[in-house]
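# A look at the structure
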Amino acid sequence: MNTTTKDDFDPIPSTRHRVQVSVGSLPQAEEETGALAVPVAADAEPPAELGITSAALATAGFTGQRGQTLVQPRAEGPVRVAVGIGPGREIDAALVRDLAAEFARAVPWHRRLAIEVPSSGLGISVADFAQAVTEGVLLARWRYFLGRDADRPTLESLLIVATDEDAEQARTGVERGRIVAEACSLGRDLANCPAATLSAVRMAEIAVEAGTASGLEVEVYDKDQLIAMGCGGLLGVNRGSAQPPRMVRLRYQPEKPAGRIALIGKGIMYDSGGISLKPSDESHAQMKNDMTGAAVVLASMTALRALDCTTAVTGYLMCTDNMPSGSAMMLGDVLRMRNGTTVEVLNTDAEGRLVMADGLALAAEEPIDAIVDIATLTGACLRTFGVEIAGVVGNDPAIVEQLRRAGEAVDEPLWELPLHRSYRRQLDSPIADLTNMGGVNAGSITAALFLEEFVDGKPWAHVDIAGTAQLPEPRAWRNKGATGFGTRLLIEFALRFARPPGVSS
């Protein structure tokens with residue numbers, strides 16, 4: 001079934017413009033770029049190429065503290081932008097990424113940028129510095145725009161200025177940063193795309209295109225196949241939609257895998273709430289991003305081969321929209337999931353856990369070391385952590401800790417919630433194995449307890465990105481709107497994955 005029309009937009013516009021990122025010299029930056037960032041530490045004199053002393057900078061209110069920027073127009077050559085990095089010994093990748101993004105935002109009309117690598121006192125490796133700079137600039141300049149000048153690039157090139165001794169390390173960091181930033185941009189594109197353009201069918205088509213190009217094996221399952229597979233959760237949520245559902249299974253297989261993980265992404269392409277209709281407020285406009293989990297699973301997996309990941313990864317994208325109609329799932333209905341569990345539906349707006357249940361059950365049927373699901377699942381998580389921290393909960397402390405450390409490394413922070421099993425009784429049903437809703441409190445925990453029913457005791461963790469998937473305003477490298485939060489987290493998790501104790505291949 002072809003659901004596209006002549007009025008559809010390109011779902012992934014960021015792929016039309018690939019920014020040239022390279023490593024070069026200061027004379028090259030002087031000749032080829034419009035703006036040059038010069039890092040300035042709070043405890044040292046500024047580099048000579050800035051052409052100004054710390055005392056003179058201080059008269060303009062610039063002392064080299066973190067986050068400060070000072071633009072210096074010049075008669076010839078690129079404008080200089082002093083970027084405060086604080087005490088040089090305290091630099092980390094998160095700070096560098098943020099400052100690179102602030103530089104990119106400080107000179108919004110310049111499309112050819114350069115950033116200098118400090119010659120000493122970094123506190124991190126040159127490669128990590130270059131990677132963070134690349135990510136910060138590319139992600140800060142990313143945009144999703146469907147207006148008349150949508151084809152106009154916001155950035156043409158980025159030059160990392162490094163010494164001959166540091167150039168090779170810088171190139172390594174630049175390449176890794178480019179791969180990660182492009183993956184994150186794909187996740188953002190998909191999550192920001194209007195739902196009328198990005199149906200479940202179109203999402204599956206993009207997964208085939210992007211996955212195949214990235215060296216993944218891609219399998220797409222249509223409605224008839226899902227019926228044969230007994231995926232009652234995905235099919236139940238889809239009942240009210242005019243668009244058919246799709247499940248996509250992605251496989252990344254290195255030659256000698258050091259471990260095997262499964263990633264399951266919630267792909268509710270548009271969430272009206274179904275019969276339990278959402279209120280007519282701004283929340284409806286945001287519900288096009290209720291497929292962020294599926295978007296970031298796909299996006300993260302497109303980077304694995306290019307980054308030489310040694311972990312085998314299987315991804316499941318559980319895609320449908322959740323709409324009200326005469327055929328829609330009703331309160332009181334009972335659905336039978338892939339693993340045979342029956343679920344009484346008490347709220348059709350608690351649909352994400354229903355589609356995820358089938359994906360979790362399928363993942364648990366395979367030889368696997370760990371299962372991770374990621375979803376914009378509960379408003380309770382948003383109210384608990386706000387828009388900058390995601391929740392994580394699981395049945396295996398080692399997996400939860402690996403995810404937490406991955407989030408810390410890439411500045412996508414997670415905070416653990418308890419899997420408090422005495423709350424499981426809130427999911428009891430008089431007519432089915434369980435309900436899809438707990439009580440009015442601890443909604444994030446009861447949702448996780450529901451999901452645990454489908455992992456067959458395998459090591460598992462759930463990441464709730466209901467808050468972090470959307471930002472009301474830009475902050476450093478994070479954009480306004482759908483953020484793609486989770487792409488970089490899952491990449492880092494897969495790259496550093498270690499089998500939890502007691503799990504054998």
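Use the structure listed above.
To keep things clear, this report deals only with the structure shown in the data block. Every chain is numbered independently, its residues counted from 1 as its sequence is written. The predicted origin of the model limits local features to residues at a pLDDT of at least 70 and limits the giving and counting of side-chain atom pairs to 80 or more, whereas totals for whole chains, interfaces and linings rest on all residues. Where side-chain values are given, they derive from all heavy atoms of the structure, hydrogens and water being excluded.

## Quick notes on the overall build of the protein chain
The number of helices and strands found in the protein chain is 15 helices and 19 strands. Based on C-alpha atoms, the radius of gyration is set beside the globule rule, defined as 2.2 Å times the residue count to the power 0.38. Relative to its length of 505 residues, the protein chain is compact, with a C-alpha radius of gyration of 24 Å against a globular reference of 23 Å. Expressed along its principal axes, the backbone C-alpha trace of the protein chain runs to roughly 75 × 55 × 45 Å. To sort residues, take the accessible area from a 1.4 Å probe on protein chains only and compare it with the maximum for the residue type: under 20% means buried, over 50% means exposed, and anything in between is partly exposed. Sorting the 505 residues of the protein chain into buried and exposed places 58% on the buried side. In this text, helices come from DSSP runs of H or I with a minimum length of four residues, and strands from runs of E with a minimum of two, each type numbered from the N-terminal end.

## Let's talk about the packing of aromatic side chains
Only Phe, Tyr and Trp rings are paired, with Trp represented by its six-membered ring, and only when their centres lie within 6.5 Å; those with planes under 30 degrees apart are stacked, over 60 edge-to-face, the remainder tilted. For the structure on display, the rule yields 2 aromatic pairs. Measuring from centroid to centroid gives 5.3 Å for Phe450 and Phe454, while their planes differ by 45°, and the two rings are tilted. Just as Phe450 is buried, Phe454 falls in that class too. Judged by centre distance (5.6 Å) and plane angle (65°), the rings of Phe493 and Phe497 are edge-to-face. Looking at Phe497, the relative accessible area reads 8%, which means it is buried. Think of it as a cone above the ring: NZ of Lys or CZ of Arg counts as a charge over the ring if it is within 6 Å of the ring centre and within 35 degrees of the ring normal. It is Arg97 that lies over the ring of Trp477; its NZ or CZ is 6.0 Å from the centre. When the ring centre of Trp477 is taken as reference, the NZ or CZ atom of Arg488 above it lies at 4.6 Å.

## Description of the layout of surface pockets
It is a probe the size of a water molecule, rolled over the atoms, that shows where empty space is left. Here the second largest pocket defines a volume of roughly 820 Å³. With a 1 Å grid laid over protein atoms only, a set of points is called a cavity when a 1.4 Å probe fits there but cannot get out and a pocket when it is open yet has protein on both sides within 12 Å along at least five of seven lines; lining residues have an atom within 4 Å of a point. Forming the walls of the second largest pocket are 32 residues, and the residues nearest its centre are Ser14, Thr15, His17, Glu182 and Ser185. Those elements that place two or more of their residues in the lining of the second largest pocket are α4 (126–141) and α5 (167–192). The element contributing the most residues to the lining of the second largest pocket is α5, with 8 residues. Residue polarity follows a fixed list, in which Ala, Val, Leu, Ile, Met, Phe, Trp, Tyr, Cys and Pro are nonpolar, Asp, Glu, Lys and Arg are charged, and the others, Gly among them, are polar. For the lining of the second largest pocket, the residue count by class is 17 nonpolar, 7 polar and 8 charged. Grid points are joined across faces, edges and corners, and a volume is the space filled by probe spheres set on the points.

## Some details on the sheet that holds strand β6 (residues 157–161)
Two strands qualify as a pair provided DSSP detects at least 2 bridges between them. The strand order β1-β6-β5-β2-β4-β3 describes an open sheet built from 6 strands, whose pairing is mixed. The strands lining the two open edges of the sheet, one partner per strand, are β1 (20–24) and β3 (69–72). Put simply, the sheet's adjacent strands are angled 20° from each other on average, direction ignored. Pairing of β1 with β6, which is carried by 5 bridges, proceeds in the parallel orientation. Residue pairing for β6: Gly24 is matched across the bridge by Val161. The contact criterion used throughout is that any non-hydrogen atoms of two residues lie within 4.5 Å. Note on geometry: axes are C-alpha line fits, over the in-contact stretch for helices, and angles between N-to-C directions span 0 to 180 degrees. Each of β2 (35–40), β3, β4 (79–84) and β5 (112–116) touches helix α3 (residues 93–106); the most contacted strand, β5, lies at about 145° to it. Helix-sheet contacts for α5 involve β1 and β6, and the interaxial angle to β1 is about 165°.

## So, empty space enclosed by the protein
On inspection of all chains with the given rule, the structure shows 2 cavities of 30 Å³ or more. By volume, the largest cavity amounts to about 90 Å³. Lining the largest cavity we find Ala37, Pro39, Val83, Ile85, Val96, Leu99, Ala100, Ile115, Phe129 and Val133. When residues of the lining of the largest cavity are traced back to their parent elements, those giving at least two are β2, α3 and α4. At 3 residues, α3 tops the list of elements feeding residues into the lining of the largest cavity. Of the residues assigned to the lining of the largest cavity, the class counts are 10 nonpolar, no polar and no charged.

## Points about the state of the cysteines
Defined by distance alone, a disulfide is two cysteine sulfur atoms within 2.5 Å. Scanning the entire structure with this criterion turns up 0 disulfides. Left unpaired, Cys309 is separated from the closest cysteine sulfur, that of Cys184, by 17 Å.

## Details of the pairing of strand β10 (residues 311–322)
Counting buried positions along β10 gives 12 out of 12 residues, so the element sits mostly inside the fold. Burial of the side chains of β10 extends over both faces: Thr311, Val313, Gly315, Leu317, Cys319 and Asp321 are buried on one face and Ala312, Thr314, Tyr316, Met318, Thr320 and Asn322 on the other. Pairing of strand β8 (residues 246–252) with β10, which is carried by 7 bridges, proceeds in the antiparallel orientation. Paired with Tyr252 across the bridge in β10 is Val313.

## A look at the sheet that holds strand β11 (residues 334–336)
One open sheet accounts for 3 strands, arranged β11-β12-β16; its pairing is mixed. What marks the edges here is a single partner per strand, and that holds for β11 and β16 (434–435). Alignment of strand β12 (residues 342–344) against β16, held across 2 bridges, turns out to be parallel. Bridge pairing in β16 links Val343 to Leu434.

## Considerations on the side chain of Thr292
Here Thr292 shows up in helix α10 (residues 292–301). Exposure remark for Thr292: the relative accessible area of 0% places this residue in the buried category. Apart from the residues lying within four places of it in its own chain, the contact partners of Thr292 are Ala191, Lys266, Thr376, Ile465, Ala469 and Phe485.

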